Amino acid sequence: MKFTKMHGAGNDYVYVNLFEETLPTEAPALARAVSDRHKGIGGDGLVLIEPFENADARMRMFNLDGSEAEMCGNAIRCVAKYLYDHGIAKKDNLQIQTGTGLLHLELFPENGIVERVRVNMGEPILESAKIPTLLAGDPPVNATLIVGGMELQVTCVSMGNPHCVTFVDELTDDLVLKIGPQIEKHEVFPRKINAEFIQVISPEEFNMRVWERGSGETMACGTGASAVAVAGVLTGKMSRKVTGHLLGGNLELEWSEETNEVFMTGPATEVFSGEWNG
Ligand SMILES: N[C@H](CCC[C@H](N)C(=O)O)C(=O)O
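Residues numbered from 1 in each chain as written. Predicted model: local features only at pLDDT ≥ 70, side-chain atom pairs only at ≥ 80, totals over all residues. Heavy atoms only, no water.

As recorded by an unreviewed UniProt entry, the protein chain carries the name Diaminopimelate epimerase and is attributed to Rubinisphaera italica. According to the UniProt record, the Catalytic activity (unreviewed entry) comment for the protein chain reads "(2S,6S)-2,6-diaminopimelate = meso-2,6-diaminopimelate". Note on the protein chain: under the UniProt heading Function (unreviewed entry), the record states "Catalyzes the stereoinversion of LL-2,6-diaminopimelate (L,L-DAP) to meso-diaminopimelate (meso-DAP), a precursor of L-lysine and an essential component of the bacterial peptidoglycan." (UniProt positions renumbered as here; feature names shortened; annotations may be inferred.)

Shown next as structure tokens:
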């Protein structure tokens, strides 16, 4: 099976073009195998690019533990790049079907190659029952979460996939690597959750680390940064147009007051391709 290794701000996945390939095994097992950074290819998970009626393609995304997610922001930018660069859809505007619906993307090709993509992530989902969370509030804003012997103030938002945003003074390994996994699996999140930790630099700028549902700490999370943009407005900590500094790079976010949609702009990079014989 041919594959392509790509990353969006350091959030790296193994991509398979199902316009041409077929999977040798079920996607969840393949995701676990290819993601292994010692015995496999190495990555945060597996992304499938496949034909879809009335869209340029459909994207399915599997975390490194094999769980399927509704949406992946860094991956959809790379899917758009792949479709354009490899001539499957040589257009500056693409429509890609995802687990959270049909998303619209704008590409900025230079010399036939796409390296930056702007994604309309759609409207945030703010109803607790649809995030989903058992915490009170539609959505929970600065809600108290007791976790790991700590009392955190969290704001929860869904971008099709669930996010728990905690604003803190300092982004420590203890918070991300010890508290993150406990938030991910906390009983108040019936479908588990991605845990973002945010240090606000100014109303237009933040630093972020993330413990992802199903993958652990990643270098970046596009849906997570989009959720942070919403949480920043809901808590009054940031403006509607912000820049996120993640371990693997920067993302530009805007939560449009006019359309209620969130826009995410960021990089997409193809690293190498190869043959999987696993
Ligand atoms: N771990 C996430 C999916 C990947 C999201 C992230 N890598 C992104 O760029 O949005 C989840 O289970 O909801």
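Still to come is the rest of the account.
Draft legend 1. Just the site of the ligand, in detail. Residues in close proximity to the ligand total 16 residues, the closest being Asn11, Gly73, Glu212, Gly222 and Thr223. Here a nitrogen atom of the ligand and a side-chain polar atom of Asn63 are 2.9 Å apart. One of the backbone nitrogen or oxygen atoms of Gly222 is found 2.8 Å away from an oxygen atom of the ligand. Surface burial for the ligand is 100%, taken as the share of its 360 Å² of free accessible area covered by protein chains. For the shell around the ligand, the secondary structure elements donating two or more residues are β2 (11-17), β4 (57-63), α2 (73-85) and α4 (222-234). Residue classes in the shell around the ligand are distributed as six nonpolar, eight polar and two charged. Each of domain 1 (2-119 + 266-275) and domain 2 (128-260) contributes no fewer than three residues to the shell around the ligand. (Near = heavy atom within 4 Å. Polar contact = N/O pair within 3.5 Å; in protein donor to acceptor, adjacent residues only side chain to side chain. Areas by Shrake-Rupley, 256 points an atom, 1.4 Å probe, with all protein chains shown as cover. Helix = DSSP H or I, 4+ residues; strand = E, 2+ residues; numbered from the N terminus. Nonpolar A, V, L, I, M, F, W, Y, C, P; charged D, E, K, R; others polar. Domains from an automatic or database assignment.)

Draft legend 2. Broad picture of the domain arrangement of the protein chain. The domain boundaries assigned to the protein chain delineate domain 1 (2-119 + 266-275) and domain 2 (128-260). Computed over C-alpha atoms only, the centres of domain 1 and domain 2 are separated by 23 Å. At the junction of the two partners, domain 1 supplies 22 residues and domain 2 supplies 22 residues. Contact between domain 1 and domain 2 buries roughly 1,300 Å² in total, counting both sides, with carbon and sulfur atoms accounting for 43%. In this assembly, domain 1 and domain 2 are joined by two salt bridges. The salt bridge partner of Glu70 is Arg191, with a shortest N-O separation of 2.5 Å. Counting across the interface, domain 1 meets domain 2 through ten residue pairs in polar contact (both at pLDDT 80 or more). Mapped by element, the contributors of at least two residues to the side of domain 1 that touches domain 2 are β2, α2, β8 (116-120) and β17 (262-267). Tallying contributions element by element places α2 first for the side of domain 1 that touches domain 2, with three residues. Looking at side-chain class alone, the side of domain 1 that touches domain 2 contains seven nonpolar, nine polar and six charged residues. (Contact = heavy atoms within 4.5 Å. Buried area = accessible area lost by both parts, 1.4 Å probe. Salt bridge = Lys/Arg side-chain N within 4 Å of Asp/Glu carboxyl O.)

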